[in-house]
Amino acid sequence: MGALTKGRYVSAMGLLLLVYCTVSVVSKGDAQPDALPSVQGTLPHFIQEPEDAYIVKSNPIKLRCRAAPALQIFFKCNGEWVHQNEHLSQEYKDLNTGLKVREVMINVSRQQVEDFHGPEDYWCLCVAWSHLGTSKSRKATARIAYLRKNFEQDPQGKEVPINGMIVLHCRPPEGVPVAEVEWLKNEELLSSLTDDNIDTRADHNLIIHEARLSDSGNYTCLASNIVAKRRSATATVIVFVNGGWSLWTEWSPCNVPCGRGVQKRSRTCTNPAPLNGGAFCEGMSVQKITCNALCPIDGGWDEWSEWTVCSSQCEKLRGRECGSPAPRHRGKMCQGNREATENCTDGLCTQSTDRSNDVALYSGLGAGIIAVAILVVAVMLYRKNHSEYGVDVIDSSALAGGFQSFNFKTTRQGNPLLLNSSMQPDLTVGRTYSTPLCFQDGADKDLFDPLPDIKVKVQSSFMVSLGVSQRAEFHAKGPAETFPRDLNRDYSGTADRRKKGLLTLNGPFSTCREQLRTNGVFGHPGGRMVVPNAGVSLLVPQGAVAENMSWEMHMVINQGEASIETLEGCEILLGPEVTYGPAVLDLFTPVAMSIAHCAEVDSENWNIQLKRKTQDSKWEEVMSLEEECTSCYCLMDSTSCHLLLAQPGSYALVGEPLTQAAVKRLKLAVFGSMEAGSTSYGLRVYCVDDTPHAFQGVVAAEKTRGGQLLEEPKMLPFRANTFSLQVSIQDVPQFLWSIKPFTTCQEFSFPQVWCSNQQPLHCAFSLERFSPATAQLSCKISVRQVKGHEQILQVYTAVAETEKESVPFFMQTDCTITSQTGPKAFKIPSSIRHRICATFDTANAKGKDWQLLAQKLHLDRNLGFFAKQRSPSAVILNLWEARHQDTADLDSLASALEEIGKIHSKSSPKDQDEPRPNFNHIEAGCARGAAKPTNETSEDSAPESTG
């Protein structure tokens, strides 16, 4: 028993010694692995060490170690041993070396990393044991990957001149691992490898060394790592081109054939033209210099030389030279014979002549007579053959355009002003212009009393102001021959031609209208003409035509595009091109012409000129609005231009924008109609220059379509900033109506709108209803200029099937009175007019009162023109008449005369002894004229009207 106990004791002590040695070896190997003995090929060697890893979202990471030879491998994380149960190990034998290879793997979760709070990142390493020692692997860090949402710096949009440098800065969001940055242009990836002009490697910034037009676009910074991708805000880059002047043209010829004149040269802002909002060229587009043209000198004959001695043919000879003076500078040659002969024997000379000469003479005469006879016979045969076609009869009325002047007296038995009342009337715009759209007879009651059958139903107050009614019924009974036959035929032809107007689907269109023409016969009492519904009128002053004489005058609005294309550079038409004549017209005083225009008048932004067409269909400048001129006068109101002209011809108001702030007015209108045989409803939006004549092109086209005006036309200021015009349809009820995709927004380019030159532009929207029971349509039409103004057209209309056959609402009676003559045509009574002229043109006014009259009537610019006239006061009153022809406001004239009277009453005592003009009777006359229009007529003429 003792021996057994002793044996057990020895065994226990041996086991304890073995454990102690083992623990001692392990502890020493852990503390000082380098101090252990090392034998070549026996210490553990790591074939695979743990690598750094990132935890994405909640997915754990796996750390692996492999070593050979190794009896055991354990992981140690953050200085603590990982429990053996968390290790996954396997062992296999390397066939090449014959050593045992042990592989161990552990999982590290997101929770473990988040719970660790140490001075450094979460780390792990491997410790491998063999029978001779231990080895340690490298440390591997475990980090949680993330990428924040917001960029530390977003790229900013820029406007850069061409060839400039573009630098877009981008600082990506904070993230682990650090995010990589890429750049997108218009959603396409940019690469600096394919374009040497682009650099994307400098601190995440995008650098474009030399900007090109193609570099304009939307740029986005894209940051990404293993967790997510982030997009920055979009930066818009615009590469603009500032305008540059072209080379100067050659100097034009001197504008006068003789004496002092002007030469011009011009240049255009097209080298390059401004793009993408680039600045307009600075400086003047036209230069002028004075010139002196050498006057032509016509040639003159010298004295005749002495007669020569008598020759054998009994003739004497003398001569002269064209040298007193000789023709110079395109002068004419001398007229007449250079030599003269004369018989020196008074016909008594006898001489022998050759008989053969007489035979030749008579033979020539005979041949000539025969040739003339043959020619006469040929002409007669030709005329006989063509007389069957009626070409020998020439109707002189065709040469006059079918317009004949006539006079009549208004009677109660009929209405001589009614032109074919069964004809469908035209549409005109409202009276918002200073020039009359048509004349209204002063005796309205007498004019319409004989027409009891006319009925007009008006359902919209706006349509009354526009001159139209939504639904109108016309019935007329009257004699068919109450008007001249030629006039009726021409008017009917014009109406038929209007019905044939064509309309394109999109963009600019032409209604193919003929020339709008007005005729009238004017004598000494004067009068005025108006082109109906066009905003154009002509005033012939009293006394402009000599007594006992009359002129048949005409006024035409030219509607062809050929003349428009001859304008130069950036010039555009601001109103219609108007011609008045005849060309041989000779008047004592200038006529006053009024033309509606579409410009927002501002001398800082516009260069407005009056131009006249030459015989070779080219435009020449008559005057500039800012220049003094003694040959004509131009007064610009907000909507009309009033001209005083002495020379007949074709005139046009032309504007050239000086800055991008220049504005021209556009009139916007929306029309609609059901499309025949379908459930579709068509909306047509028109953009046209804001003049009555231009809007009539829209009206004529819609009249042929049976369209209805769905909203009051509105005005849109359109700026010269090179940006386009966008038209879009909005708020369409999607459960009732459908519209084709990609058709809700349409666009006109800037040149289309700016250079429309009185030609309408239009776009169309086609809407289809889902059910025939849908009877209402409501939507909005937005018309806006990019970086400019916007207008909204609100559409709310009934689209019932029964309305297809209803009469279009834009029906009104035609304007038949196109001219008036005599005192009836003027606002200022004749007696008051004579007293004003006598007062302000007489010598006792010291030559200054007419200037004071011009100042008080706000006509004190370009006074040199009035000073050249025989009666400055009369010309000033003519211009006042043209300016106020639609308002009949004599109060302003009376107020001006009252102010002038007060100025004279305050004159110095030294001047009080001198006679002063008396304005009391003139003011009283104007007051009476403002209260009640006068009907007085001169003794030698009676008022007459021309239709």
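Residues numbered from 1 in each chain as written. Predicted model: local features only at pLDDT ≥ 70, side-chain atom pairs only at ≥ 80, totals over all residues. Heavy atoms only, no water.

### Topic: the overall build of the protein chain
Secondary structure summary: the protein chain contains 16 helices and 50 strands in total. Counting every position in the protein chain, which comprises 947 residues, the buried fraction comes to 44%. Once local pairs closer than 6 in sequence are excluded, the contacts in the protein chain between residues at least 24 apart make up 71%. For the protein chain, the computed accessible surface area is about 51600 Å², with 53% contributed by carbon and sulfur atoms. (Helix = DSSP H or I, 4+ residues; strand = E, 2+ residues; numbered from the N terminus. Buried < 20%, exposed > 50% of the residue type's maximum accessible area, 1.4 Å probe, protein only. Contact = heavy atoms within 4.5 Å. Areas by Shrake-Rupley, 256 points an atom, 1.4 Å probe, with all protein chains shown as cover.)

### As for the side chain of Lys185
Following the sequence through the fold, Lys185 ends up in strand β15 (residues 180-185). Buried charged residue Lys185 carries no salt bridge. Nearest counter-charge: Asp215, at 4.4 Å. At a separation of 2.5 Å, a polar atom in the side chain of Lys185 contacts the main-chain carbonyl oxygen of Ser214. Discounting residues that sit within four places of it in the chain, Lys185 has contacts with Leu190, Ser214, Asp215, Ser216, Asn218 and Tyr219. (Lys, Arg positive; Asp, Glu negative; His and termini not counted. Salt bridge = Lys/Arg side-chain N within 4 Å of Asp/Glu carboxyl O. Polar contact = N/O pair within 3.5 Å; in protein donor to acceptor, adjacent residues only side chain to side chain.)

### Some details on the pattern of salt bridges
Side chains bearing opposite charge may pair, as long as their charged atoms lie close to each other. Counting across every chain of the model gives 26 salt bridges. For Arg110, the salt bridge identified is with Glu114, shortest N-O distance 2.9 Å. Taken together, the positions of Arg110 and Glu114, both in helix α2 (residues 110-115) and four residues apart, correspond to about one turn of that helix. Residue class for Arg110 comes out partly exposed when judged on its relative accessible area of 25%. Linking Glu702 and Arg684 is a salt bridge whose minimum nitrogen-to-oxygen distance equals 2.7 Å. Taken together, the residues Glu702 in helix α8 (residues 692-705) and Arg684 in strand β40 (residues 680-689) connect sequence positions 18 residues apart. The burial state of Glu702 is the same as that of Arg684; both residues are buried.

### Side note on the sheet that holds strand β43 (residues 725-730)
Ordered by their spatial adjacency, four strands build an open sheet running β45-β43-β47-β48, and the pairing between neighbours is antiparallel. Each edge of the sheet is formed by a strand with only one pairing partner; in this case those strands are β45 (745-748) and β48 (790-798). For this sheet the average axis-to-axis angle between neighbouring strands, irrespective of direction, equals 20°. In this structure, β43 lies alongside strand β47 (residues 776-785), joined through six bridges in antiparallel fashion. (Pairing = 2+ DSSP bridges. Axes fitted to C-alpha atoms, helices over the stretch in contact; angles between N-to-C directions.)

### Comments concerning the packing of helix α10 (residues 830-841) against helix α13 (residues 872-883)
Put simply, α10 and α13 touch, their axes get as near as 8 Å, and they point 135° apart. Of the possible angle classes, the one that applies to α10 and α13 is oblique. In this structure, the crossing between α10 and α13 has a hand that is right-handed. Residue-level contacts link Arg833, Ile836, Cys837, Phe840 and Asp841 of α10 to Pro872, Ser873, Ala874, Leu877, Asn878 and Glu881 of α13. (Parallel < 35°, antiparallel > 145°, perpendicular 65-115°, else oblique. Left-handed = near helix turned anticlockwise from the far one by under 90°.)

### Brief notes about the packing of α10 against helix α11 (residues 849-856)
The N-to-C vectors of α10 and α11 enclose an angle of 125°; their axes lie 7 Å apart at closest approach. As far as their axial angle goes, α11 and α10 are oblique. Residue-level inspection shows Ile836, Phe840 and Asp841 of α10 in contact with α11, the latter providing Asp849, Trp850 and Leu853. Classifying every residue of the contact of α10 with α11 by side-chain character gives four nonpolar, no polar and two charged. (Nonpolar A, V, L, I, M, F, W, Y, C, P; charged D, E, K, R; others polar.)

### Describing the state of the cysteines
As enumerated under the stated definition, the model contains eight disulfides in all. Shown here is the disulfide that connects Cys77 with Cys124, its sulfur atoms set 2.0 Å apart. Across the S-S bond linking Cys77 and Cys124, the dihedral sits near 110°, which makes this disulfide right-handed. Of this pair, Cys77 sits in strand β4 (residues 72-77) while Cys124 sits in strand β8 (residues 122-129), placing them 47 residues apart in sequence. Exposure remark for Cys124: the relative accessible area of 0% places this residue in the buried category. Across the disulfide, Cys254 is cross-linked to Cys291 (sulfur-sulfur distance 1.9 Å). (Disulfide = S-S within 2.5 Å.)

### Observations regarding α10
Note: α-helices contain 3.6 residues per turn, so residues at a spacing of three or four share the same orientation. For α10, built from 12 residues, the straight-helix expectation of 16 Å at 1.5 Å per residue is met to within 8% by its first-to-last C-alpha distance of 16 Å. Regarding α10, the residues found buried are Ser830, Ile832, Arg833, Ile836, Cys837, Thr839 and Phe840. (Expected span 1.5 Å × (residues − 1).)

### Looking at the packing of aromatic side chains
Scanning the entire structure with this criterion turns up 12 aromatic pairs. Arranged with centres 5.9 Å apart and planes meeting at 50°, the rings of Tyr633 and Phe865 form a pair that is tilted. Of the two residues, Tyr633 is situated in strand β36 (residues 633-636) and Phe865 in helix α12 (residues 863-867); the sequence distance between them amounts to 232 residues. Pairing Tyr633 with Phe866 gives two aromatic rings, centres 4.9 Å apart and planes at 40°, and the pair type is tilted. Of this pair, Tyr633 sits in strand β36 while Phe866 sits in helix α12, and the two are 233 residues apart along the sequence. Overall, the relative accessible area of 1% leaves Tyr633 in the buried class. Among the residues examined, Phe866 registers a relative accessible area of 0% and is labelled buried. Through a chain of ring-to-ring contacts, the aromatic side chains of Trp606, Phe718, Phe750 and Trp754 assemble into a single cluster. Stacked on the ring of Trp304, the Lys or Arg Arg318 has its end atom at 4.5 Å from the ring centre. (Phe/Tyr/Trp six-rings, centres within 6.5 Å; stacked < 30°, edge-to-face > 60°. Lys NZ or Arg CZ within 6 Å of the ring centre and 35° of its normal.)

### Section: the sheet that holds strand β6 (residues 88-93)
The antiparallel open sheet is built from four strands, whose spatial order is β1-β3-β7-β6. Edge strands, defined here as strands with exactly one partner in the open sheet, are β1 (45-48) and β6. The sheet shows a mean angle of 25° between the axes of neighbouring strands, direction not considered. With seven bridges connecting them, strand β3 (residues 61-68) and strand β7 (residues 100-108) associate as antiparallel partners. Looking across to β7, one finds that Arg64 is bridged to Met105.

### Considerations on the nonpolar core
In this structure, Met553, Tyr580, Leu645, Leu683, Leu725, Ile781 and Val783 are the most contacted members of the largest nonpolar core, which totals 73 residues. Listed in part, the 32 residues of the second largest apolar core include Phe866, Ala874, Leu879 and Leu890. (Core = buried A, V, L, I, M, F, W, Y, C linked by side-chain atoms within 4.5 Å.)

### Some remarks on unusual backbone geometry
The omega angle of the peptide bond from Asn271 to Pro272 is 0°, so this bond is cis rather than trans. Here Pro272 lies in the loop between β22 (259-266) and β23 (286-293). A cis amide bond links Gly581 with the next residue in sequence, Pro582, at an omega value of 15°. In this fold, Pro582 is placed in the loop between β32 (577-581) and β33 (591-596). In this structure, Asn186 takes a positive phi of about 50° despite not being glycine. Here Asn186 falls in the partly exposed class, since its relative accessible area comes to 41%.

### Notes on the confidence of the model for the protein chain
For the protein chain, the average pLDDT comes to 75, and 72% of its residues sit at 70 or higher. Across residues 1-40 the pLDDT falls below 50, and counting only partners more than four positions away or on other chains, this stretch makes 13 contacts in the model. The low-confidence segment residues 440-507, where pLDDT is below 50, has 130 contacts with residues more than four positions distant or belonging to other chains. (pLDDT = per-residue confidence, 0-100.)

### Let's talk about a nonpolar patch on the surface
Side chains of Ile162, Leu213 and Leu275 sit close together on the surface and give an oily, nonpolar patch of about 230 Å² of accessible area. Its location among the elements puts Ile162 in the loop between β12 (158-161) and β13 (166-168). (Patch = residues over 30% accessible without salt bridge, like charges linked within 9 Å, V, L, I, M, F, W, Y side chains within 5 Å.)

### Quick word on the pairing of β3
Taken residue by residue, a regular strand's side chains alternate between the two faces of the sheet. Bridge analysis of β1 against β3 gives three bridges, and the strand direction is antiparallel. Following the sheet pairing, His45 is matched in β3 by Ala68.

### Regarding α11
If you check which residues of α11 are buried, you get Asp849, Trp850, Leu852, Leu853 and Ala854. Just beyond α11, the residue with positive phi is His858, at close to 60°.

### Observations concerning the environment of Leu852
Take Leu852: it is sitting in helix α11. Discounting chain neighbours no more than four positions away, the residues touching Leu852 are Ile900 and Ile903.

### Here's the deal with the pairing of strand β21 (residues 235-240)
Pairing geometry for β12 and β21, over four bridges, is parallel. Considered in β21, the bridge of Val160 is made with Val239. Bridge count between strand β19 (residues 217-224) and β21: three bridges; the pairing is antiparallel. When the sheet's bridge partners are listed, Gly217 is paired in β21 with Val237.

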